[in-house]
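Topology and contacts: notes
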Amino acid sequence: MPGLLRGVARTAVVAGTATAVSNRVSRRQAGRWARQDYEQQQEPAPPAPTAPQPVAPVAPDDDMTHKIDQLKQLADLKAQGVLSDEEFENQKRLVLG
């Protein structure tokens, strides 16, 4: 009987130790993952794009086509969030003269 009791006690100690180690490893991994998630969320935002340069005047022969192209480019910049509504309107006035 003492041998059986000793075997059961040894098994209980081994199982308890394995459970404790497993729990500690799980907590450590969860902490590392949480830290990685936090660091990824704290990355700095990309730099703000610079405002486009004012549009230069163009020769009168293809002036209308060029103005249309410039207005399309301005609309794209506004849609991307590079230009605010006010900046878009100012640039549009410059293009249209």
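Described below are features of the structure shown in this document. (Residues numbered from 1 in each chain as written. Predicted model: local features only at pLDDT ≥ 70, side-chain atom pairs only at ≥ 80, totals over all residues. Heavy atoms only, no water.)

Right, let's talk about helix H2 (residues 63-80) for a bit. Here H2 is 18 residues long and its end C-alpha atoms lie 26 Å apart, about the 26 Å a rise of 1.5 Å per residue gives. Every buried residue belonging to H2 is among Lys67, Gln70 and Leu74, and all of these are buried. Seen end-on, H2 carries its buried residues on one side only, within an arc spanning 65°. Exposed side of H2, more than 90 degrees from the buried face: Thr65, Lys72, Gln73, Ala79 and Gln80 are the residues found there. Two residues or fewer after H2 comes Gly81, characterised by a positive phi angle close to 90°. (Helix = DSSP H or I, 4+ residues; strand = E, 2+ residues; numbered from the N terminus. Expected span 1.5 Å × (residues − 1). Buried < 20%, exposed > 50% of the residue type's maximum accessible area, 1.4 Å probe, protein only. Arc of directions from axis to C-beta.)

In this section: helix H3 (residues 85-96). For H3, built from 12 residues, the straight-helix expectation of 16 Å at 1.5 Å per residue is met to within 8% by its first-to-last C-alpha distance of 16 Å. Of the residues making up H3, those classed as buried are Phe88, Gln91 and Val95. For H3, the arc enclosing every buried residue in end-on projection is 70°, short of the 170-degree limit, so these residues lie on one face. In this structure, H3 carries Glu86 and Arg93 as exposed residues pointing more than 90 degrees from its buried face. One or two residues past the end of H3 sits Gly97, with phi positive at roughly 85°.

Before going further, it helps to examine a positive patch on the surface. A surface patch of positive charge is lined by Arg24, Arg27, Arg28, Arg32 and Arg35. Its location among the elements puts Arg24 in helix H1 (residues 2-41). (Patch = residues over 30% accessible without salt bridge, like charges linked within 9 Å, V, L, I, M, F, W, Y side chains within 5 Å. Areas by Shrake-Rupley, 256 points an atom, 1.4 Å probe, with all protein chains shown as cover. Salt bridge = Lys/Arg side-chain N within 4 Å of Asp/Glu carboxyl O. Lys, Arg positive; Asp, Glu negative; His and termini not counted. Charge placed at Lys NZ, Arg CZ, Asp CG, Glu CD.)

The tally for this structure, following the rule as stated, stands at two salt bridges. Between Lys78 and Asp85 there is a salt bridge; the shortest N-O distance is 3.3 Å. Across the pair Lys92 and Glu89 runs a salt bridge whose closest N-O atoms are separated by 3.5 Å. Of this pair, Lys92 and Glu89 both sit in helix H3, three residues apart, roughly one helical turn. Residue classification places Lys92 among the partly exposed positions, given a relative accessible area of 27%.

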